[in-house]
Amino acid sequence: MAQVRVTVDGVEYADDVEPRMLLVQYLRERLGKTGTVIGCDTSNCGACTVHLNGQSVKSCSVLAVQVDGSEVMTIEGLARDGQLHPVQQAFNDNHALQCGYCTPGMIMQSIDLLGDNPDPSELEVRHGLEGNLCRCTGYQNIVRAVRDAAQKMKPASGTPDTAESAATSASVAGGGS
Ligand code: FES
Ligand code: FES
């Protein structure tokens, strides 16, 4: 066993884990964060995407012990004060999901994409999401949703208003399993 201390969705956890445990397993099985899903388990589909210290990663390709001392954000930590994150809202508004299985990973990847490029072209969105697979939508509405979110997140300053960056700068509460 190895000890891991990690902040997930703004809450600190300290746990003993097997060195072979994947981050996605830790999130789902230890923390009950089943909003992060497993699609392929072989780092192909992107369904398990979360943010690790603000960067998107496929959590099936990261060991839980590797996130010791880090901050992880999952789809479950995005909403604030009962308000969906703008990207979540845009996916809803643009009918960017059918079964929804890919959606948590798509949204986490889209937020990362918009952090790097606040006003992406259609091609840039498609390129940015190429590691995330959807079997239902044909991607049209997903691309539309990301570009819609980009417009809505654009404040007068031109800097995207990411609810996540506000969250990561906020102090975290204690607790854990
Ligand atoms: Fe991680 Fe598919 S479950 S990429
Ligand atoms: Fe079903 Fe994308 S909405 S896999």
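This text follows the structure it describes.
Residues numbered from 1 in each chain as written. Chains lettered and ligands numbered in written order. Predicted model: local features only at pLDDT ≥ 70, side-chain atom pairs only at ≥ 80, totals over all residues. Heavy atoms only, no water.

Enquirer: Could you clarify how one ought to interpret the environment of Val-17 in this entry?
Expert: Mapped onto the fold, Val-17 is located in strand β2 (residues 11-17). C-alpha separation for the pair Val-17 and Leu-63, spaced 46 residues apart in sequence, amounts to 9.9 Å. Sequence-distant contacts of Val-17, defined by excluding residues within four places in its chain, comprise Met-1, Ala-2, Val-4, Tyr-26, Arg-30, Ala-64 and Val-65. (Helix = DSSP H or I, 4+ residues; strand = E, 2+ residues; numbered from the N terminus. Contact = heavy atoms within 4.5 Å.)

Enquirer: Looking at this structure, I do not really get the pairing of strand β4 (residues 55-58). What am I missing?
Expert: On any regular strand, side chains alternate: one points to one face of the sheet, the next to the other face. The pairing of strand β3 (residues 49-52) with β4 spans four bridges and is antiparallel. The partner of His-51 across the bridge, within β4, is Ser-56. Hairpin remark: β3 followed by β4, antiparallel, with two residues in the connecting loop; positive phi at Asn-53, about 50 degrees. (Pairing = 2+ DSSP bridges.)

Enquirer: What is the right way to look at the nonpolar core in this model?
Expert: Where a protein is soluble and globular, its nonpolar side chains tend to be buried together. Judged by nonpolar contacts, the single largest core of 24 residues is most densely connected at Val-87 and Phe-91. Counting only elements with at least two residues in this core, the list comes to α2 (86-93), α3 (103-116) and α5 (140-152). Residues within four places of Val-87 in sequence aside, it is in contact with Ile-107, Ser-110, Ile-111, Leu-114, Ala-149 and Met-153. Counting residues in hydrophobic clusters, the runner-up holds 16 residues, among them Val-6, Leu-23, Ala-64 and Val-72. (Core = buried A, V, L, I, M, F, W, Y, C linked by side-chain atoms within 4.5 Å. Buried < 20%, exposed > 50% of the residue type's maximum accessible area, 1.4 Å probe, protein only.)

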